[in-house]
Amino acid sequence: MNNEYLIEVENLKQYFPIKTGFFKTTPLKAVDGVSFKIKPGETLGLVGESGCGKTTVGRSILRLYEPTDGVVKYNGEIITASNMQEYRKHMQMVFQDPYSSLNPRMTVEDIIGEPLDVHKLYENKAQRREKILSLMELVGLNAEHATRYAHEFSGGQRQRIGIARALAVDPKFIVCDEAVSALDVSIQAQVINMFEDLQQKLGVAYLFIAHDLLVVRHISNRIAVMYLGRIVEVGDADDVYEHPQHPYTESLLSAVPIPDPIQAKENKRIVLSGDVPSPMNMPTGCAFRTRCRYATERCATECPSLLDRGNGHEVACFNR
Amino acid sequence: MESNIENMPKKNIFSAQIDVAKFEKATEEEKRQQDVMSESTTFFKDGMKRLMKNPLAVGSMIFLILIVLVILIAPKVVPYSYSQINTVNGVRDKGAKNMKPFEYSELEQKYMAEGGKVFPHIMGTDEQCRDYFIRVVYGTRVSLSIGLVASVMVLIIGLLYGSISGYFGGRVDLVMMRIVDIIYSLPDLLMVILLSVVLGATITPLIEGTSLAKIGTNLIALFIVYALLYWVGMARLVRGQILTIKSNDYVLAARATGAKSGRIIRKHIIPNCISVIFISTALQVPSAIFTESYLSFLGLGVSAPMPSLGSLANYAREGLVSYPYKLIFPAVVIILIVLSFNLLGDGLRDAFDPKLKK
Ligand SMILES: Nc1ncnc2c1ncn2[C@@H]1O[C@H](COP(=O)(O)OP(=O)(O)O)[C@@H](O)[C@H]1O
Ligand SMILES: [Mg+2]
């Protein structure tokens with residue numbers, strides 16, 4: 001039962017049928033063959049531009065969308081649509097928008113208690129309340145506010161409520177979909193620290209999705225960089241951050257503001273030319289070639305696959 | 001921390017820099033006060049509070065409550081019947097025809113002179129010697145109950161149809177909404193009149209001898225017509241609401257915790273759209289009363305001797321020049337009821353629709 005990896009995603013594909021004519025539908029390849037593995041208690045950061053399919057990866061793993069193709073394993077066992085209900089106790093999600101992710105007609109107590117109700121994780125009302133209060137304490141909420149409605153809280157507090165809800169079933173894996181992107185910078189730091197504390201206390205593994213590399217570097221053990229539905233680079237967080245190999249990662253990193261002005265001057269910003277191609281009309285070969293400085297003819301015909309460059313640092317590029 | 005602040009260079013008087021020394025660290029107590037911004041109220045209390053601040057809505061509510069009290073109590077107090085000719089001391093009073101408000105017939109005057117008590121005809125009498133006030137009261141009763149029953153029917157059909165269409169989406173939704181579009185595009189006045197005539201003829205043999213016969217075929221036809229035509233607006237509203245709510249992350253969160261459709265509908269979708277639906281039902285009532293009134297006015301509404309506000313107005317047309325008050329009484333009641341339902345509905349919407357929340 002005890003596998004090396006908690007979550008294994010193999011060749012995950014998620015195509016959305018989009019109506020393009022009266023009778024015609026064209027698949028939108030939101031996720032096109034993504035594979036990665038996460039060990040227990042580990043954090044994998046997933047970065048990429050907005051629209052590259054990060055959210056879709058997270059939701060397909062949790063079967064909020066039925067994947068078009070691919071396998072997701074929890075502790076070595078394949079998750080299917082029929083046995084998913086059992087795994088919902090082990091895998092949870094924290095959402096990006098702290099406003100639309102909490103039902104405005106429910107009290108904090110009922111929001112956090114919902115997973116407990118669904119899985120009947122208590123014997124009586126007192127036990128339910130006790131569990132809810134301890135969860136609130138765990139995420140730094142004042143237990144006196146259990147009977148309040150979500151709209152009475154600030155963004156950071158609402159996100160804590162969302163985290164408490166995710167923790168209610170005592171999961172081993174949480175997808176954090178841009179969980180701090182909507183928050184003020186000062187509050188982002190608090191919430192990220194809390195995620196780290198919780199990981200130490202409870203041993204949960206995260207798939208930490210963000211578009212900000214700095215945030216991800218801070219919390220992740222490993223980082224995966226996504227571009228148009230595919231992972232183009234994956235490796236240890238420091239490795240990817242300090243020695244990026246894929247041209248796309250390079251440009252992403254050069255866009256990160258550097259606090260030191262002297263160093264910032266030396267660092268040349270690599271500005272990407274052109275727009276992101278539409279996922280409904282992907283370029284042949286390597287999806288990034290239309291914006292790549294190093295693109296050759298080979299890139300137009302063949303699609304590079306992830307190759308290990310040592311130390312588990314994998315890059316999908318012919319030219320680096 | 002404190003020594004840090006003291007070590008800061010003194011602020012130049014002309015500098016726009018903020019003087020750090022002026023800031024104090026918040027105590028734990030103060031931090032906690034910042035935690036919660038607004039006072040805790042439930043959604044319902046909050047809405048009621050705002051509703052009570054709206055004088056038009058409160059006035060309408062009071063008026064409607066008064067109307068309901070009058071139509072419940074008046075038949076017990078007023079000793080006349082809506083369908084029978086007046087009697088004075090057991091004698092049919094043929095002289096009490098078309099009297100003005102508070103006028104007494106000869107027979108009544110004689111009886112009063114003998115020491116008998118006669119209840120005044122507050123709105124006079126009609127050409128069949130019936131007390132007009134009690135007829136208006138019964139007319140209001142009939143019109144109001146038609147309005148309520150029809151609205152509830154529209155609510156039930158529209159709610160079921162709209163929620164199925166909205167919740168399941170996809171092809172089901174597509175087909176169901178095209179049907180709605182077709183019904184929506186029919187000219188409703190024409191359809192109502194045609195259907196009432198046709199249904200009136202087909203229903204009569206069906207209900208003969210049952211308790212439904214008492215209500216009258218026209219009235220049943222009216223309900224059916226109303227239910228057949230007017231639910232589409234409600235269905236569209238419900239579907240739109242459900243689609244909006246369904247796209248919220250909290251529904252996704254509930255699915256991620258493993259909640260089933262039933263629970264999601266019960267706990268997430270219904271509580272978030274119920275107020276909008278009730279408000280539009282309240283706004284449906286005056287429209288149903290109006291439809292009934294004009295159908296009765298055209299002679300397609302309730303069957304005699306049962307009065308409704310519309311049919312009373314219709315009968316009043318004949319003697320319009322001599323007895324204009326016979327038109328004025330039911331017309332004013334219709335206007336006031338419709339107006340107050342509309343004002344109340346608007347007030348409810350302002351108070352409970354979160355999108356308009358200030
Ligand atoms: N339910 C859906 N139906 C159709 N297209 C979708 C759906 N969800 C996402 N997409 C599309 O898939 C692509 C990836 O979206 P998303 O995963 O949200 O990206 P990210 O989270 O990286 O910003 C986008 O082009 C988006 O328009
Ligand atoms: Mg996203």
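Above: the structure in question.
The paragraphs below set out a description of the structure included in this document. Just so we're clear, the structure is a prediction, and the values are computed from it rather than from any experiment. (Residues numbered from 1 in each chain as written. Chains lettered and ligands numbered in written order. Predicted model: local features only at pLDDT ≥ 70, side-chain atom pairs only at ≥ 80, totals over all residues. Heavy atoms only, no water.)

1. Quick word on the overall build of chain A
Move 1: In terms of regular secondary structure, chain A is built from 11 helices and 12 strands.
Move 2: Scaling as 2.2 N^0.38, a compact globule of 320 residues should have a C-alpha radius of gyration of about 20 Å, and chain A matches this with 21 Å.
Move 3: Of the roughly 14500 Å² that chain A leaves accessible, carbon and sulfur atoms contribute 49%.
Move 4: One finds the centroid of the 36 positive side-chain charges in chain A at a distance of 5 Å from the centroid of its 40 negative side-chain charges. (Helix = DSSP H or I, 4+ residues; strand = E, 2+ residues; numbered from the N terminus. Rg over C-alpha atoms; globule rule 2.2 N^0.38 Å. Areas by Shrake-Rupley, 256 points an atom, 1.4 Å probe, with all protein chains shown as cover. Lys, Arg positive; Asp, Glu negative; His and termini not counted. Charge placed at Lys NZ, Arg CZ, Asp CG, Glu CD.)

2. Quick notes on the pattern of salt bridges
Move 1: This model, assessed by the stated rule, comprises 24 salt bridges over all chains.
Move 2: Here Arg63(A) and Glu66(A) are joined by a salt bridge, their closest N and O atoms 2.5 Å apart.
Move 3: One salt bridge in this structure joins Arg263(B) and Glu114(A), with 3.0 Å as the shortest N-O distance. Of the two residues, Arg263(B) is situated in helix H12 (residues 261-297) and Glu114(A) in helix H3 (residues 108-119); the pairing between them involves two chains.
Move 4: Under the relative-accessibility criterion, Arg263(B) is labelled buried at 14%.
Move 5: A residue is classified by how much of its surface remains accessible, and Glu114(A), at 2% relative accessible area, is buried. (Salt bridge = Lys/Arg side-chain N within 4 Å of Asp/Glu carboxyl O. Buried < 20%, exposed > 50% of the residue type's maximum accessible area, 1.4 Å probe, protein only.)

3. Considering the pairing of strand E10 (residues 230-236) of chain A
Residue and element names in this part refer to chain A.
Move 1: With five of its seven residues buried, E10 lies for the most part within the structure.
Move 2: Pairing geometry for strand E9 (residues 222-227) and E10, over six bridges, is antiparallel. Bridging from a neighbouring strand, Tyr 227 pairs with Arg 230 of E10.
Move 3: Between E9 and E10, which follow one another and run antiparallel, lie two residues, and Leu 228 among them has a positive phi close to 45°.
Move 4: Pairing between E10 and strand E12 (residues 314-315): two bridges, direction antiparallel. Bridging from a neighbouring strand, Glu 233 pairs with Val 315 of E12. (Pairing = 2+ DSSP bridges.)

These figures come from the coordinates and say nothing about function on their own.
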